[in-house]
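# Examination of the molecular architecture
This is what each chain is made of:
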Amino acid sequence: MKLRVIAVILILASWSCGNKDKIANDSNGKLSIDPVIEQKVDSVLKLMTIDEKIGQLNQLTGNGETTGPITFATEYQDAIRRGEVGSMLNVNGASYTYKVQKIAVEESRLGIPLLFGYDVIHGYKTIFPIPLGEAACWDLDAIEKSARIAAIEASAAGQHWTFAPMVDIARDPRWGRVMEGAGEDPFYGSKVAVARIKGFQGENLADSNSILACAKHFAAYGAAMGGRDYNTVDISKRTLYEVYLPPFKAAVDAGVLSFMASFNEINGIPSSGNKDLMNGILKSDWNFKGFIVSDWASIREMLVHGIAADEYEAANLAMNAGIDMDMEGHIYINQLKKLLADGKVTEKQIDDAVRRILRVKFMLGLFDDPYRYCDTAREKEMILNPRHLEIAREVARKSMVLLKNNNVLPLSKNIKSVAVIGPLADNKDEIIGTWSARGEGKDAISVLTGVKQKVPSAKILYAKGCDIAGESKAGFAEAIAKAKSADAVIVVVGEAAMMSGEALSRAFLDLPGVQKDLVLELNKLNKPMVVVLMNGRPLTIEWMDNSVPAILEAWLPGTMGGPAVADVLFGDYNPSGKLPITFPRNVGQIPLFYSHKNTGRPRDEAERYTSKYIDSPNTPLYPFGYGLSYTTFEYSNFGISAKEIGMSDTLKVWVDVTNTGKYDGEEVVQLYIRDLVGSVTRPVKELKGFKKVFIKSGEKVRVEFTLTASDLAFYTRTMEFKPEPGDFKVFVGGNSRDLQELSFRLN
Ligand code: BGC
């Protein structure tokens, strides 16, 4: 029988000669699928038994092994032989995936290839900055390049599919997974989502170095109450549509071919059983042609949520909601046949799910050559390729945000002695961050080494000072002594890798342990001192801003973190990153984001009955879009092409930006709008455009934007997405706080 399938496929493949297996945009901008692939899918579907069909919907996990004999559960290996598995996750390496694929292809009846998925979140072996950090570069080409390299390395190591990008908007830095997304803003988050998907999926999924991307976690996972992972989400339909859905919609429009359901419930319905979300919004309204995978056992977790009494009910809810693949939940494989027999689900529904999965397997070229990703020579050449490391360094330095600089930076390369202090200064394991795929600390370069390489003739005095967590100050004396004898002090502090990421929410956002005390003690020496922060989320560091002369936010910068930090500290790169997320002053202000509503009683210091705290300002420590440079930029000649525009007109917006400092540098010019009166209240500011421009010292460039009525659209009172006539403000500037404004009217 297997021979028959292969023969059919070969005939079909010859039909498609000269045809690229790819997704195309039809005239409506919606994705359409190559009809040849549809024919191939149907021909395979016709040969499948119901058990084999259900098998395609089943995803099981390996154990992360990359070499040697297959060591994951023998019952899983047998399930592959029986055609009961469509996809595996956590199976790695060219030779290892080859062995596993061989079981499916040679030992199952139909020989349908497996799809291998893995969390390639910010690099495979060459690790880039954590996604939140990378988003701080506001350079979409760099972000795309980073995802491309992740795809090149992962695909060379047998992976077909990454569970990335996480496109969840996150406005609560207590939530550990804030590190995995692009921050707080739906407009910017959508742009980053598209760049990452383009990078992973490449020009054509049929290329053997492209991997399938996965937009996750659908939906509103980032809105967990109290920032506690997996917690309940209770939000209005408006907030869902305006804030949380846009990056997912952008992902569909960019051609993403898989989605992952989120763990959380929204307003009482867990996503894995949410028909309105999956079949409704995603598959029907947005015409999504890929497949939806559950999150890890999230179908089963509907029992714990209290919405399904048993596995049978959970499977019923999930299949009828439109979840196509069950990740390590064993629910579909155990229950779908019975549900079919009982008439709760139809074979058409099962076929639709199988079709979506087979379609992607065809598009990836797996039916042409199931082993095309298992190429040990390519793996050897691509993993940690020097070019990849160079780009990782470039992206890391672009991602760093200069938060404060009182004439300390850049440090001179002629410096005689530098103290490099702190628990993260000589660290290689933590700086690659969490979700670091096959990345290893041993391949990373620490800040200490980066500094040594940068200023080889300077005397470098290193002391750890303290641990990241823990109460011991035993190392302080040595650190202080070394700092005392140095010309400048670099203090590298922050969070461990496993303090942000999944299930790593924090109730306090201080520097852990005694790191604050270490920084304050060193600061007493009154040396030129810079704090390099490495962390997976905004921290509450108002005390630091009030005390130390310079702060560089380096995030968890990845394999090339050390050299990248040194490039910035010693002026080989002028920092250009801007925050993609607000830094609050204190935890009590959370959630704090720039695009809040005005309220009926906006804060007025002199008026008691206005919206404020009695013990904290409302303002953030550092606003969204904020970041300094070694140079200064002046904005002038802000202009717009009209005071009034009609619904089909375009408004041109321009501003001159002059580099008024001594260094060449890049500025992220940001454009915001405010709709002053709407049928529903509108945010005080909404990002609608940005451009990152390089300007030489003393030079001026004109930056132009265009706004159309559709840029001003929102979900009106009746939830129609459209612009409303009325008065608007338009703002430009270098962050969401320090802006110039003009007014115009939309008629
Ligand atoms: C996470 C997903 C991840 C999956 C597979 C889950 O716990 O929520 O983001 O892709 O595990 O590792």
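In short, a report on the structure. (Residues numbered from 1 in each chain as written. Predicted model: local features only at pLDDT ≥ 70, side-chain atom pairs only at ≥ 80, totals over all residues. Heavy atoms only, no water.)

Attention shifts here to the environment of I551. Mapped onto the elements of the fold, I551 is located in strand 18 (residues 550-553). Residues I551 and L533 lie 18 residues apart in sequence; the distance between their C-alpha atoms is 7.3 Å. Those residues in contact with I551 that sit more than four places away from it in its chain are V401, L402, L403, K404, V530, V531, L533, M544, D545 and Y622. (Helix = DSSP H or I, 4+ residues; strand = E, 2+ residues; numbered from the N terminus. Contact = heavy atoms within 4.5 Å.)

Take the pattern of salt bridges next. Enumeration over the complete set of coordinates arrives at 47 salt bridges. R300 serves as the salt-bridge partner of E311, at 3.0 Å between the closest nitrogen and oxygen. With E311 in helix 13 (residues 311-321) and R300 in the loop between strand 11 (291-293) and helix 12 (302-305), this residue pair connects regions lying eleven residues apart in the sequence. Measuring nitrogen to oxygen at the nearest pair gives 2.9 Å for the salt bridge that ties R745 to D727. Highlighted residues: R745 in strand 28 (residues 739-746) and D727 in strand 27 (residues 726-733), separated in sequence by 18 residues. You can call D727 partly exposed: its relative accessible area is 37%. Look at the salt bridges and you will find they share partners, linking R393, R397, K413, K454, D567 and D572 into a network. (Salt bridge = Lys/Arg side-chain N within 4 Å of Asp/Glu carboxyl O. Buried < 20%, exposed > 50% of the residue type's maximum accessible area, 1.4 Å probe, protein only.)

If you walk across this open sheet you meet the five strands as 20-28-27-22-23, and the pairing is mixed. Single-partner strands in this sheet number two, and they are strand 20 (644-645) and strand 23 (686-695). In this structure, strand 22 (residues 665-675) lies alongside strand 23, joined through nine bridges in antiparallel fashion. If you follow V669 over to strand 23, its bridge partner there is K691. (Pairing = 2+ DSSP bridges.)

The next subject is the side chain of T582. You can see T582 is positioned in the loop between helix 22 (561-569) and strand 19 (633-640). You can call T582 buried: its relative accessible area is 4%.

Before going further, it helps to spend a moment on the sheet that holds strand 4 (residues 87-89). Taking strand neighbours across the sheet as the criterion, the five strands line up as 6-5-4-3-12 in an open arrangement whose pairing is parallel. In this open sheet, the two strands that pair with only one neighbour each are strand 6 (161-162) and strand 12 (326-327). Here two bridges tie strand 5 (residues 115-118) to strand 6, and the two strands are oriented parallel to one another. What sits directly across from Y118, in strand 6, is T162.

Moving on: helix 18 (residues 447-454). For helix 18, the complete set of buried residues consists of V447, L448, G450, V451 and K454. Projection of helix 18 onto a plane perpendicular to its axis shows the buried side chains occupying an angular sector of 165°, all on one side. Summarising the contacts, the buried residues of helix 18 are in contact with helix 17 (386-399), strand 14 (417-421), strand 15 (459-463), strand 16 (488-494), strand 17 (529-534) and helix 22. In this structure S446 caps helix 18, since a side-chain oxygen of it lies 3.4 Å from the backbone nitrogen of L448. (Arc of directions from axis to C-beta. Polar contact = N/O pair within 3.5 Å; in protein donor to acceptor, adjacent residues only side chain to side chain.)

To continue, consider the nonpolar core. In terms of nonpolar packing, the biggest core is built from 95 residues, with L57, W161, F218, F259, F291, Y332 and L358 touching the most fellow members. Top contributing element to this core by residue count: helix 15 (residues 347-363), with eight residues. Among residues more than four places away in sequence, those in contact with Y332 are I54, L57, I299, A315, A318, M319, I323, D324, M325 and D326. A136, M166, L402 and M544 belong to the second-largest nonpolar core, a separate cluster that totals 87 residues. (Core = buried A, V, L, I, M, F, W, Y, C linked by side-chain atoms within 4.5 Å.)

What follows deals with the site of the ligand. Taken together, L89, D119, F163, R177, K216, H217, M260, F263, D295, M327 and E502 form the complete shell of residues around the ligand. One of the side-chain nitrogen or oxygen atoms of D119 is found 2.4 Å away from an oxygen atom of the ligand. When the ligand is considered free in solution it has 310 Å² of accessible area, and contact with the protein chains removes 92% of it. (Near = heavy atom within 4 Å. Areas by Shrake-Rupley, 256 points an atom, 1.4 Å probe, with all protein chains shown as cover.)

As for its placement among the helices and strands, I331 is situated in the loop between strand 12 and helix 14 (332-341). Sequence separation between I331 and Q59 is 272 residues, and the spatial gap between their C-alpha atoms is 10 Å. Discounting residues that sit within four places of it in the chain, I331 has contacts with I299, R300, E311, A315, D326 and L336.

With that settled, the discussion passes to the environment of Y118. With respect to the secondary-structure elements, Y118 resides in strand 5. Taking C-alpha positions, Y118 is 9.5 Å from G64, a pair spaced 54 residues apart along the chain. Discounting residues that sit within four places of it in the chain, Y118 has contacts with N90, N92, Y124, Q159, W161, T162, F163, A437 and R438.

This part covers the packing of aromatic side chains. On inspection of all chains with the given rule, the structure shows 26 aromatic pairs. Through successive ring pairs, a cluster of aromatic residues spans W138, Y188, Y594, F624, Y672 and F690. For R171, the ring lying beneath its charged end belongs to F593, and the centroid distance is 4.1 Å. The ring of W435 carries K216 above its face, with NZ or CZ at 5.4 Å from the centroid. (Phe/Tyr/Trp six-rings, centres within 6.5 Å; stacked < 30°, edge-to-face > 60°. Lys NZ or Arg CZ within 6 Å of the ring centre and 35° of its normal.)

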